Amino acid sequence: MSAQTSAPRRRSGLARVPLLVWVFLLVPFAIELFWVFWPAANSFSLSLTRWDGITPAEPIGLQNFRDLAADPIFLTALRNNVIWVFGFGGLSVVGGLVLAVTLNKPGPLVGLYRSAIYLPMVVSLAVSGLFWRVMYAPDGPINGTLGLLGLESLERQWLADPAVALGAVLIAAVWRQVGYIMVLYLAGLKGTDPTLEEAAAVDGASAWQRFWRIVMPQLRGVNTVVFAVTVIDSLRTFDIVWAMTRGGPYNETQLLSTYMFQQAFTTGNLGYASAIAVVIFALAIGFIITYLARQARTED
Amino acid sequence: MSALATPVAVGTGTGARRRPRPARSPWLHVTMIPVTLLWLSPIVFVLFVAVRSYDDIAGRGLGAFPASFSTEGFATALTEGGVLLALGNSVVVTAFAVFASLALSSVAAYALSRFAIPGRRTILLTMLAGNLLPPQILLVPVASITEAIGIADTRTALVVVQVGFGIGFYTFVLHGFMRSLPTEVFEAARLDGAGPGGIFWRIVLPLSRPSLAALAALATTWIFNDLIWAMTVLRTESKFPITAALLNLQGGYASAWNVVAAGSLIAAVPTAIVFFMFQKQFVSGLLVGANK
């Protein structure tokens, strides 16, 4: 904990540390160490074992990772996760940004529009999944609407058709995420300087140019946060897929998180599941550091 | 993008002049009204399905407009479907977890923001980092820890896990707020003879109410909406919170769409109430970490 034993700097407003304050800090910190950092460290060592949770774990070195490289379901999950990062991330960022710019200035009904867009956020991911199961049901509203529009050829079993299932789940996830991104960008836009944009308008810059040359550069900070949050969220995505398809049909909507959960708690391959978790961690850590670095700078 | 077509006539040098309000083009509403309706359509359709009778859905299809009004979906979901029980579990777990998380993280934030703790920046960022880890890397060991200490398959375990995973983030946010409190208040209290505990209780906590409210709104929705921790820690159905119970409901009542729809709506109500009551706090909570 107190690795740096260099002389504590005297800073104005910071008192010496009484015992009670150490308790204040160390109790929560110890709880987090015990429930987060210790388990995380354990996952790394478990990933080097074969373990069913009953008999003692058997160390097998890197065999789990070699098996992963040859596991077609893992490779599907990895591919789907890449698609997910770009599809889920891309659509919700573009959607959220467009909506934020559109709804930035107050006006009649604007508050209503904003509330409608971020209302899905209060619905849990699991429940969102159930909502969209209703939408995608074979005789549900989406197929019904397509039928009404004379587009019967587009009707399908959205969640049972391997070709479209992942996209169908992705749309549901984007529906819930866009509001969050919009809120972040609305706050970012509030921090931009409107006089710069007006000056550019006077100089004859088009709305498009003003957006890319004047507004976007001022949103750099928000962009970093949105980018990191989106990727971290993409790699964590579990609930909505589990609620909608459980990774099916034929593992076509499997993400790393769902496959990991299945291996751990359905199949009982705890070592193998830990290896998948380590892969998820390895993919996420760069973005976690990006986010932390930004937070560290704002802490200064 | 909105029409920014504004006849701008700003005298560049005159600071006194307010900038003119841009004239709104009707295109904003022409695009936003359909978008809004489309956005709300899943919620509206689920509501339609939930209030239809089973026979109506079976006879006329799920996509049809309601031709019946019935609360049988809600009644079945709440009683036989076990939604009421699950809702109770969720409320209890959420209440304890939110309270414990905020209590622990506010004392930690107070210690980190107001005292010369060596390496406090590192501690703070480490705590935040813990919250950013993908939960997958914790699931298997957390499940075995709950077994090892004898709290496997209990709601207590779920509360403890939620607290452990959440406090890093809440501490970080509260630290940012407490650090901005004016030093003079603390000096004054110290001169009056208040100790660190008294200062926390009588000064820091009351002043931190706005950020505690924002975090409470956010934490409530997070913990109430959680699925993965519940599925990792709990095995017995009667202890499931609403999210996990709904997935079971959906398996058990696969063809009774009105029951599933009613159950999902019931699950969405508590967080929706929190959202509408604390909309401002909720949004400001979301913005935490994105501030410049």
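This is a predicted model, so every value here is computed, not measured. (Residues numbered from 1 in each chain as written. Chains lettered and ligands numbered in written order. Predicted model: local features only at pLDDT ≥ 70, side-chain atom pairs only at ≥ 80, totals over all residues.)

**Remarks on the overall build of chain B**
For step 1, the next point in the chain: The number of helices and strands found in chain B is 14 helices and 0 strands.
For step 2, the next point in the chain: Going from N to C terminus, chain B has its helices and strands arranged as α-α-α-α-α-α-α-α-α-α-α-α-α-α.
For step 3, the next point in the chain: Projected onto its principal axes, the C-alpha coordinates of chain B cover approximately 75 × 70 × 35 Å.
For step 4, the next point in the chain: A total of 292 residues make up chain B; the buried ones form 50% of that total.
For step 5, the next point in the chain: Contacts spanning at least 24 positions in sequence make up 74% of the contacts within chain B whose residues lie at least 6 apart. (Helix = DSSP H or I, 4+ residues; strand = E, 2+ residues; numbered from the N terminus. Buried ≥ 20, exposed ≤ 12 C-beta atoms within 10 Å, placed from the backbone. Contact = placed C-beta atoms within 7 Å.)

**Some remarks on the domain arrangement of chain B**
All names here are of chain B.
For step 1, the next point in the chain: By domain assignment, chain B separates into domain 1 (27–70) and domain 2 (78–287).
For step 2, the next point in the chain: For domain 1 versus domain 2, the separation of C-alpha centres amounts to 33 Å.
For step 3, the next point in the chain: With 9 residues of domain 1 in contact, the opposing surface of domain 2 contributes 7 residues.
For step 4, the next point in the chain: For the side of domain 1 that touches domain 2, the element with the most residues is helix α1 (residues 27–50), which contributes 4 residues. (Domains from an automatic or database assignment.)

**Here's the deal with the nonpolar core**
For step 1, the next point in the chain: Core analysis: the largest hydrophobic core is formed by 189 residues, its most contacted members being V134, V169, M182, I276 and I280 of chain A together with A108 and A111 of chain B.
For step 2, the next point in the chain: No other element matches the 17 residues that helix α7 (residues 165–190) of chain A contributes to this core.
For step 3, the next point in the chain: Three or more residues apiece are contributed to this core by two domains, here domain 1 (27–70) and domain 2 (78–287) of chain B.
For step 4, the next point in the chain: Every residue in contact with A108 of chain B, bar those within four places of it in the chain, is listed here: F24, L25, P28 and F29 of chain A together with I167 and T171 of chain B. (Core = buried A, V, L, I, M, F, W, Y, C linked by C-beta atoms within 7 Å.)

**Quick notes on helix α5 (residues 125–136) of chain A**
Residues and elements named next belong to chain A.
For step 1, the next point in the chain: The end-to-end C-alpha distance of α5, which contains 12 residues, comes to 16 Å, matching closely the 16 Å that a straight helix rising 1.5 Å per residue would cover.
For step 2, the next point in the chain: With respect to burial, α5 is a largely interior element, 12 of its 12 residues being buried.
For step 3, the next point in the chain: Here α5 has its buried residues at L125, A126, V127, S128, G129, L130, F131, W132, R133, V134, M135 and Y136. (Expected span 1.5 Å × (residues − 1).)

**Things to note about the interface of chain B and chain A**
For step 1, the next point in the chain: Every contact between the two is made by 89 residues of chain B and, on the other side, 96 residues of chain A.
For step 2, the next point in the chain: At 11 residues, α1 of chain B tops the list of elements feeding residues into the side of chain B that touches chain A.
For step 3, the next point in the chain: Of the residues in the side of chain B that touches chain A, the class split is 62 nonpolar, 22 polar and 5 charged. (Nonpolar A, V, L, I, M, F, W, Y, C, P; charged D, E, K, R; others polar.)

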